[in-house]
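Take a look at the letters that make up each chain.
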Amino acid sequence: MTSDLRNPLKRARNIGSAKSGAAAWMSMQFTSLVLVGLSIWFVVLVLTLMHEDYATVRHALAHPANATLMATFVVLVCWHTELGLRNIYEDYIHTRWLAFWSATLTRLALLLMAVLSLLSIVRIALAG
């Protein structure tokens, strides 16, 4: 005998926990935690390079450690943004096709932003 505590109407409509929110929540928590440290690094980098000339800034960003941290920062910002906006779309846009296309276009825009940013970081790092 199985004990299902959901209301019979919810069971019939298949409404209830989809058991898939934990992975998105954990991803959001992970990106938040890592972005705290990377944001501190980024602010310190910007403050130290604020009054430097173009060549000095380019040389600082070409350093392998800074290029790696910048690439990680860009990827995690895009991933965290996508997770947060997808959650907002799922919760507050009740028209299925509009929520789907909003999430899809957001994902494509963030992917484009991440790819272009990473290409720029690689170009700066390799040009040294």
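Worth saying up front: this structure is predicted, and the values here are computed from it rather than measured. (Residues numbered from 1 in each chain as written. Predicted model: local features only at pLDDT ≥ 70, side-chain atom pairs only at ≥ 80, totals over all residues. Heavy atoms only, no water.)

**As for the layout of surface pockets**
This is how the line gets drawn: Buriedness for pockets is judged along seven lines, at least five of which must meet protein on both sides within 12 Å for an open set on the 1 Å grid over protein atoms alone, while cavities are sets there where a 1.4 Å probe fits but cannot get out, and lining residues have an atom within 4 Å of a point. Grid points are joined across faces, edges and corners, and a volume is the space filled by probe spheres set on the points. Runs of H or I in DSSP of at least four residues are treated as helices and runs of E of at least two as strands, each being numbered from the N terminus. Each residue gets one label: Ala, Val, Leu, Ile, Met, Phe, Trp, Tyr, Cys and Pro are nonpolar, Asp, Glu, Lys and Arg are charged, and the others, such as Gly, are polar.
The volume enclosed by the second largest pocket comes to roughly 180 Å³. Elements supplying a minimum of two residues to the lining of the second largest pocket: α4 (64-92) and α5 (96-127). For the lining of the second largest pocket, the element with the most residues is α5, which contributes four residues. Of the residues in the lining of the second largest pocket, the class split is five nonpolar, two polar and three charged.

**Considering the side chain of S27**
So the rule is basically this: Any residue under 20% of the maximum accessible area for its type is buried, any over 50% is exposed, and the rest in between are partly exposed; the area is computed with a 1.4 Å probe on protein chains only. Note on definitions: a residue-residue contact is assigned when non-hydrogen atoms from the two residues lie within 4.5 Å.
For S27, the location among the structural elements is in helix α2 (residues 21-49). Residue S27 is classed as buried on the basis of its relative accessible area of 19%. Here S27 is in contact with W79 and L83, once residues within four sequence places are set aside.

**A short note on α4**
Residues that lie three or four places apart on an α-helix share one face, since the helix turns once every 3.6 residues. Going by this rule: Given a helix with a known number of residues, its expected span is that number minus one, times 1.5 Å.
A rise of 1.5 Å per residue sets the reference length of α4, with its 29 residues, at 42 Å; its end C-alpha atoms lie 42 Å apart and thus fit the reference within 8%. All buried positions along α4 are accounted for by N66, A67, M70, A71, F73, V74, L76, C78, E82, L83, G84 and Y89. Against α2, α3 (54-62) and α5 lie the buried residues of α4.

**Quick look at the packing of α3 against α4**
Our working rule: Axes here mean lines fitted to C-alpha atoms, for a helix over just the part in contact, with angles spanning 0 to 180 degrees between N-to-C directions. Throughout, the term roughly parallel applies to angles under 35 degrees, roughly antiparallel to angles over 145, roughly perpendicular to angles from 65 to 115, and oblique to all others.
Following both chains from N to C, one finds α3 and α4 inclined at 80°, their axes separated by 5 Å at the closest point. Classified by the angle between their axes, α3 and α4 sit roughly perpendicular to one another. Residue-level inspection shows A60, L61 and A62 of α3 in contact with α4, the latter providing P64, N66, A67 and M70.

**Comments concerning a nonpolar patch on the surface**
Test applied: Patches were defined on residues exceeding 30% relative accessible area and lacking a salt bridge, with like-charge contacts within 9 Å and nonpolar side-chain contacts (Val, Leu, Ile, Met, Phe, Trp, Tyr) within 5 Å. Method for areas: the Shrake-Rupley scheme with a 1.4 Å probe, in which residue coverage is limited to the protein chains shown. What counts as a salt bridge is simple: a side-chain nitrogen of Lys or Arg found within 4 Å of a carboxyl oxygen of Asp or Glu.
The grouping of W97, L98, F100, W101, L105, L108, L111, L112, V115, L116 and L119 at the surface amounts to a nonpolar patch, some 1,200 Å² of accessible area in total. Residue position: F100 is located in helix α5. Using a relative accessible area of 47% as the deciding quantity, one classes F100 as partly exposed.

**Some thoughts on the nonpolar core**
For clarity, the threshold we go by: By nonpolar core we mean a set of buried residues, namely Ala, Val, Leu, Ile, Met, Phe, Trp, Tyr and Cys, connected to one another through side-chain atoms within 4.5 Å.
In terms of nonpolar packing, the biggest core is built from 13 residues, with L45, M70, F73 and I121 touching the most fellow members. Only α2 and α4 provide two or more residues apiece to this core. Residue contributions to this core peak at six residues, all from α4. In contact with L45, other than residues within four places in its own chain, are L61, N66 and M70.

**A few points about the packing of aromatic side chains**
The following threshold applies: Stacked, tilted and edge-to-face pairs are distinguished by plane angle, under 30 degrees for stacked and over 60 for edge-to-face with tilted covering the rest, among Phe, Tyr and Trp rings (Trp via its six-membered ring) whose centres lie within 6.5 Å.
Under the definition given, this model contains four aromatic pairs. Ring geometry for F42 against F73: centres 5.0 Å apart, planes inclined by 15°, an arrangement best described as stacked. Note that F42 is positioned in helix α2 and F73 in helix α4, a separation of 31 residues in sequence. The exposure class assigned to F42 is partly exposed, which follows from its relative accessible area of 28%. Residue F73 is classed as buried on the basis of its relative accessible area of 14%.

**Focus on the pattern of salt bridges**
Applying the stated criterion to the full structure yields two salt bridges. Note that E82 is salt-bridged to R86, the shortest N-O span being 3.1 Å. Of the two residues, E82 and R86 both sit in helix α4, four residues apart, roughly one turn of that helix. Note that R107 and E82 form a salt bridge whose closest N and O atoms lie 2.8 Å from each other. Pair noted here: R107 is in helix α5 and E82 is in helix α4, with a separation of 25 residues, a long-range link.

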